[in-house]
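# Structural overview
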Amino acid sequence: MLTLLLIVSAFFAGVLNAVAGGGSFLTFPALIMAGVPPLNANATSTVAVSPGALASAYGYRRELGRIKEVSLPAFLGVSLIGGLLGALLLLWTPQRVFEAVIPWLLLFATVLFAFGPKVSAYIRRNFKVGHGTVLIVQFFIAIYGGYFGGGIGILILATLGVFGLTDLHAMNGLKALVSGCLNAVAVVAFAFGGAVYWTEALIMMVAAVAGGYAGAAVARHIPPPILRKFVILVGVAMTVYFFVTKG
């Protein structure tokens, strides 16, 4: 029964990540329900969803070639360094400390997912930043992504929008590439740190890839606002659960 839960959650996480984002809001609680400790569930969830992001980036390869406003090597470089630091920070965090901060991380990620697009639009209308600033901001986003990662796609899109990018397909491609690379470097750190539950990770990885490819076609017929509301509800439920049980 628990294996079925992991498969179903990972499949629909792949669907959500392909359409609306927020797949980790499904994989993380599923791993918790399967008895995986929170810190390990976070690491295992990252491993499970990592192939989907890189597959999406490959699908956007033409759009990525159109990006001239930002240096891709520099953007990826600061993202990889920040992601590695975030992953190492997670590994150095005692389990009890992570259990104490996870409700706040979930709250932040849920609020960010719920209001991120509106905040991002406001920032794009009222602010403009230079290349150096966007790299510094991305560095700290990457640290957060390596440590937890909920809502990171919205943070990346907001940063690119403030910097002046307007091609949404190219921005989504860069977001997918950066997220995939962040996940990849985090996976390496988590693997060497012994934080991954590999049986669960491999089961979910296959299901997430299947969801990303097969499920996206079905999800396109579901209005994105409905998917977003579902993700937000899951995020709220998990946030309340952790505040009640870990508070």
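Residues numbered from 1 in each chain as written. Predicted model: local features only at pLDDT ≥ 70, side-chain atom pairs only at ≥ 80, totals over all residues. Heavy atoms only, no water.

The next subject is the overall build of the protein chain. The helix and strand inventory of the protein chain stands at eleven helices and zero strands. Going from N to C terminus, the protein chain has its helices and strands arranged as α-α-α-α-α-α-α-α-α-α-α. Taking all 247 residues of the protein chain together, the buried fraction comes to 50%. Counted over contacts in the protein chain with a minimum sequence separation of 6, partners at least 24 positions apart contribute 83%. Accessible surface, the protein chain: about 11,600 Å² in total, of which carbon and sulfur atoms supply 72%. (Helix = DSSP H or I, 4+ residues; strand = E, 2+ residues; numbered from the N terminus. Buried < 20%, exposed > 50% of the residue type's maximum accessible area, 1.4 Å probe, protein only. Contact = heavy atoms within 4.5 Å. Areas by Shrake-Rupley, 256 points an atom, 1.4 Å probe, with all protein chains shown as cover.)

This model, assessed by the stated rule, comprises seven aromatic pairs. Pairing Phe108 with Tyr144 gives two aromatic rings, centres 5.5 Å apart and planes at 85°, and the pair type is edge-to-face. In this pair, Phe108 sits in helix H6 (residues 95-126) while Tyr144 sits in helix H7 (residues 131-147), placing the two residues 36 residues apart along the sequence. Among the residues examined, Tyr144 registers a relative accessible area of 14% and is labelled buried. Among the aromatic side chains, those forming a connected cluster through ring pairs are Phe28, Phe108, Tyr144 and Phe148. (Phe/Tyr/Trp six-rings, centres within 6.5 Å; stacked < 30°, edge-to-face > 60°.)

Here Ile143 lies in helix H7. For the pair Ile143 and Leu182, spaced 39 residues apart in sequence, the C-alpha to C-alpha distance is 9.1 Å. Residues within four places of Ile143 in sequence aside, it is in contact with Gly82, Gly83, Leu85 and Gly86.

Counting residues in hydrophobic clusters, the biggest one holds 43 residues, and the most contacted among them are Phe98, Ile102, Leu106, Phe148 and Phe190. The element contributing the most residues to this core is H6, with seven residues. Those residues in contact with Ile102, other than ones at most four positions away along the chain, are Phe28, Phe148 and Phe242. Counting 25 residues, the second-largest nonpolar core is a separate cluster that includes Ala57, Ile152, Leu157 and Leu174. (Core = buried A, V, L, I, M, F, W, Y, C linked by side-chain atoms within 4.5 Å.)

Attention now moves to the packing of helix H5 (residues 72-92) against H7. Between H5 and H7, the shortest axis-to-axis distance is 6 Å and the interhelical angle comes to 35°. In terms of crossing hand, the pair formed by H5 and H7 is right-handed. Side by side, H5 and H7 meet where Ala74, Phe75, Val78, Ser79, Ile81, Gly82, Gly83, Leu85, Gly86, Ala87, Leu89 and Leu90 of the first sit next to Leu135, Gln138, Phe139, Ala142, Ile143, Gly146 and Tyr147 of the second. In terms of residue class, the contact of H5 with H7 is made up of 13 nonpolar, six polar and no charged. (Axes fitted to C-alpha atoms, helices over the stretch in contact; angles between N-to-C directions. Left-handed = near helix turned anticlockwise from the far one by under 90°. Nonpolar A, V, L, I, M, F, W, Y, C, P; charged D, E, K, R; others polar.)

A separate point is helix H2 (residues 24-33). An α-helical turn contains 3.6 residues, so a residue and the one three or four places further along point in the same direction. With eight of its ten residues buried, H2 lies for the most part within the structure. Listed in full, the buried residues belonging to H2 are Phe25, Leu26, Thr27, Phe28, Pro29, Ala30, Leu31 and Ile32. Once H2 ends, the next one or two residues include Gly35, with phi positive near 95°.

Attention now goes to the side chain of Ser79. Note that Ser79 resides in helix H5. Beyond its immediate sequence surroundings of up to four residues, Ser79 is in contact with Gln138, Ala142, Val178 and Leu182.

With that settled, consider the side chain of Ser45. Within the secondary structure, Ser45 is located in helix H3 (residues 38-59). By relative accessible area, Ser45 is classed as buried at 4%. With residues up to four places along the chain from it excluded, the contact list for Ser45 reads Ser24, Thr27, Phe28 and Leu31.

Turning to its location among the elements, Thr245 is positioned in helix H11 (residues 224-246). With a relative accessible area of 39%, Thr245 lands in the partly exposed category.

Our next topic: the packing of H7 against helix H8 (residues 152-163). At their nearest, the axes of H7 and H8 sit 10 Å apart, and the two run at 180° to each other. Judged by the inter-axis angle, H7 sits roughly antiparallel to H8. Between H7, through His131, Val134, Val137, Gln138, Ile141, Tyr144 and Gly145, and H8, the contact on the second element is made entirely by Ile152, Leu155, Ile156, Thr159 and Phe163. For the contact of H7 with H8, the class distribution of residues is eight nonpolar, four polar and no charged. (Parallel < 35°, antiparallel > 145°, perpendicular 65-115°, else oblique.)

Functional significance is not addressed by these values, which are geometric in nature.
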